[in-house]
Amino acid sequence: MQVLTIQVPMRAQTHAERGGPGRFGFGARERATLWLTIAFWISNFAINSLASILAHRDNLAAVTILRGGLVLAGLGLCFCFYAVLRRMSARSFRRRAIAAAVMAPLMAEIYAWLAYFGFIAVDPDFKSGSWSATVSYLASWTWFFLAWAGLTLAIDYNFEAREEQERSAELQALAHAAKLQALQNQVNPHFLFNTLNSMSALLLDRRVADAEGMIAKLADFFRMTLAADPLTDTPLANELRLQAAYLEIEQVRFPDLEIRFDVPEALLKARVPSLILQPLVENAVKHGVGRARPPWSIDIR
């Protein structure tokens, strides 16, 4: 006996399946932020080095080396800063902006102290200056980190907007494809032609009662398929009832075809996409039953 089994696994949809990362993912966004950060610190290094050259400082080489080390320290601080923002990627843009505004002064304070101790170490003539100068120095670095954080958030926002546009386009394409597939599943021309040929054969054999019964079954099947909304879920019991009606029609063509359903009652109320079993059952009939010798059996469980 030729046995064809259709198994339908029932499980919950995971969070990753409901919505994962977009096409513009970690790599592209990270690269854009990295180049932005490097440009910020190289520009800062070039401007401060030019100021030292114009001031004709005696210890220019030591100060330049120090500034290079401070650039590396600043890059490290920005990396930590960005790591925190990335961990908050699931939060709203407003919350990330507030977090950036809070962290920028903290990073500026850390960097200012690193620069202070560094210049004391390499420049004997270095003086910390007045409190007003210190506040001005901290304010300048706070604005530096705020500007960097603002542009970083702008990059994130740009990538998120592009991802959202791409997801929207993909969903529209999937919805369009689902509508076309649903229409194809509702009216399968091969099935209809085969059924009409079977009716014609029954009439030629003067089996009028069987032909009338087949017509009634075909009408019931199309009534159920046309009533099904392809864009909404339906109870599994309805889907199984629809497939049972379809297979009853096919049993007229294949009298030895045996149909068995093995579905626990607990799953009958589970909601599934409409007509999701139709292509599977049609393939079982077309490629399995239609190409094998009788007797046949189709199990749905």
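All values reported here derive from a predicted model rather than from experimental measurement. (Residues numbered from 1 in each chain as written. Predicted model: local features only at pLDDT ≥ 70, side-chain atom pairs only at ≥ 80, totals over all residues. Heavy atoms only, no water.)

A count of helical and extended segments in the chain gives nine helices and five strands. The N-to-C order of helical and strand elements in the chain reads β-α-α-α-α-α-α-α-β-α-β-β-α-β. Looking at the chain as a whole, 32% of its 301 residues qualify as buried. Considering only intrachain contacts with a sequence separation of at least 6, the fraction spanning at least 24 residues in the chain is 81%. Carbon and sulfur atoms form 62% of the exposed surface of the chain, whose accessible area is close to 18600 Å². (Helix = DSSP H or I, 4+ residues; strand = E, 2+ residues; numbered from the N terminus. Buried < 20%, exposed > 50% of the residue type's maximum accessible area, 1.4 Å probe, protein only. Contact = heavy atoms within 4.5 Å. Areas by Shrake-Rupley, 256 points an atom, 1.4 Å probe, with all protein chains shown as cover.)

It is worth spelling out the packing of helix α8 (residues 236–253) against helix α9 (residues 278–288) at this point. Where α8 contacts α9, the axes come no closer than 10 Å and their chain directions differ by 25 degrees. One element, α8, and the other, α9, form an angle in the roughly parallel class. By crossing handedness, the relation of α8 to α9 is classed as right-handed. On the side of α8, the interface is formed by Glu 239, Leu 242, Gln 243, Tyr 246, Leu 247 and Glu 250, while α9 contributes Gln 278, Val 281, Glu 282 and Val 285. Of the residues belonging to the contact of α8 with α9, the class tally is five nonpolar, two polar and three charged. (Axes fitted to C-alpha atoms, helices over the stretch in contact; angles between N-to-C directions. Parallel < 35°, antiparallel > 145°, perpendicular 65-115°, else oblique. Left-handed = near helix turned anticlockwise from the far one by under 90°. Nonpolar A, V, L, I, M, F, W, Y, C, P; charged D, E, K, R; others polar.)

Here we take up a nonpolar patch on the surface. A cluster of nonpolar side chains, contributed by Leu 106, Ile 110 and Leu 114, occupies part of the molecular surface with about 250 Å² of accessible area. Mapping Leu 114 onto the fold places it in helix α4 (residues 93–122). (Patch = residues over 30% accessible without salt bridge, like charges linked within 9 Å, V, L, I, M, F, W, Y side chains within 5 Å. Salt bridge = Lys/Arg side-chain N within 4 Å of Asp/Glu carboxyl O.)

Attention shifts here to the packing of helix α3 (residues 60–87) against α4. It is the contact of α3 with α4, at a shortest axis distance of 10 Å, that shows an interaxial angle of 160 degrees. In terms of orientation, α3 and α4 fall into the roughly antiparallel class. With respect to the hand of their crossing, α3 and α4 are arranged in right-handed fashion. Here α3 contributes Ala 62, Val 63, Leu 66, Arg 67, Leu 70, Ala 73, Gly 74, Leu 77, Phe 81, Val 84 and Leu 85 to the contact with α4, which in turn contributes Arg 96, Ala 100, Met 103, Ala 104, Met 107, Ile 110, Tyr 111, Leu 114, Ala 115, Gly 118, Phe 119 and Val 122.

Here we take up unusual backbone geometry. Even without being a glycine, Arg 206 presents a positive backbone phi close to 60 degrees. Structurally, the position occupied by Arg 206 is in the loop between α6 (189–204) and α7 (208–227). Residue Arg 206 is classed as exposed on the basis of its relative accessible area, which comes to 74%.

Formed by 30 residues in total, the largest nonpolar core has its most connected members in Trp 41, Phe 81, Tyr 111, Trp 141, Phe 145 and Trp 148. Among the elements of the structure, α2 (26–54), α3, α4 and α5 (131–186) are those that each provide at least two residues to this core. Counting 27 residues, the second largest nonpolar core, distinct from the first, contains Phe 222, Leu 242, Leu 257 and Val 289. (Core = buried A, V, L, I, M, F, W, Y, C linked by side-chain atoms within 4.5 Å.)

Moving on: the pattern of salt bridges. Tallied over the entire structure, the rule returns eleven salt bridges. A salt bridge links Glu 163 to Arg 29; the shortest N-O distance between them is 2.8 Å. Taken as a pair, Glu 163 in helix α5 and Arg 29 in helix α2 lie far apart in primary sequence, 134 residues in all. Taken as a pair, Glu 163 and Arg 29 share a single burial class, namely buried. The shortest N-O distance in the salt bridge between Asp 299 and Arg 260 comes to 3.0 Å. Of this pair, Asp 299 sits in strand β5 (residues 296–300) while Arg 260 sits in strand β3 (residues 257–261), and the two are 39 residues apart along the sequence.

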